[in-house]
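Notes for the structure review
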Amino acid sequence: MTPSLPDILVGNFLCLADPPPPESAGEFMAGRVGATALLSLLAAQEAERGLTARVWENDAIRVLLSEAAPVHGEVFAAAATAGSVDDFTLAGLDRANAALRRALIALHEAVEAAGDTERDHAILRLYRDMAHARRLVMPPLPGR
């Protein structure tokens, strides 16, 4: 399971909202605050770029599915219409993305079985570009 941005932020809130018990002071609490700070930094990056990445990714998958449909089956044309194109909430984009990714995996299986090397390479490039668009940058962490 991949937690959503709201899940992470609510978790950070819950982590910091209650005062720690006395036995959790010192190094444990410092580690807890450090982990919460790191999650907050990564969540900020996701908030900044996440929606744009999802919209781009959903569109790119739809194009690939639509282009493959005449060769690999009209089921992929239908899959390209998965999810709402009008719901730009994180949850809405993620729902559409999950359906589109399942269809992309099915297409990739069909492409490999058919020996369609050109489309296989296009899918692999898309996977690379999707990972790049969703990347989060870890800061250098202080040693203890």
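My aim in this report is to walk through the structure given alongside it, one point at a time. Think of each chain on its own: its residues are numbered from 1, step by step along the sequence as written. Confidence filtering applies because this is a predicted model: local features only for residues at pLDDT of at least 70, side-chain atom pairs given and counted only at 80 or more, and all residues used for totals across whole chains, interfaces and linings. Note that the side-chain values use all heavy atoms of the structure and ignore hydrogens as well as water.

Next up on the list: the pattern of salt bridges. When their charged atoms lie close together, side chains carrying opposite charge are able to pair. Criterion for a salt bridge: a side-chain nitrogen of Lys or Arg within 4 Å of a carboxyl oxygen of Asp or Glu. Under the definition given, this model contains 7 salt bridges. Among the salt bridges present, the one from Arg134 reaches Glu57, with a minimum N-O distance of 3.3 Å. Pair noted here: Arg134 is in the segment after α5 (117-133) and Glu57 is in helix α2 (residues 27-72), with a separation of 77 residues, a long-range link. The shortest N-O distance in the salt bridge between Arg95 and Asp87 comes to 3.3 Å. You can call Arg95 exposed: its relative accessible area is 54%. One network of salt bridges, in which partners are shared, links Glu46, Arg54 and Asp94. Note on conventions: DSSP H or I runs of at least 4 residues are helices, E runs of at least 2 residues are strands, and numbering of each starts at the N terminus. Only protein chains enter the accessibility calculation, which uses a 1.4 Å probe; a residue is then buried when its area is under 20% of its type maximum, exposed when over 50%, and partly exposed in between.

Okay, α5 next. Expected helix span is taken as 1.5 Å per residue step, with the number of steps being one fewer than the number of residues. Spanning 17 residues, α5 covers 24 Å between terminal C-alpha atoms, matching the ideal 24 Å at 1.5 Å per step. Only heavy atoms matter for contacts: two residues are in contact if any of them lie within 4.5 Å across the pair. Considering only its buried residues, α5 is in contact with α2 and α4 (90-114).

This brings us to helix α1 (residues 5-17). For α1, which comprises 13 residues, the first-to-last C-alpha distance of 18 Å matches the rise-based estimate of 18 Å (1.5 Å per residue) to within 8%. Along α1, the positions that sit buried rather than exposed are Leu5, Asn12 and Cys15. Looking straight down α1, one finds that the buried residues subtend no more than 90 degrees of arc, so they occupy a single side. Along α1, exposed side chains directed more than 90 degrees from the buried face belong to Phe13 and Leu14. To obtain the arc, one takes the directions from the helix axis to the C-beta atoms.

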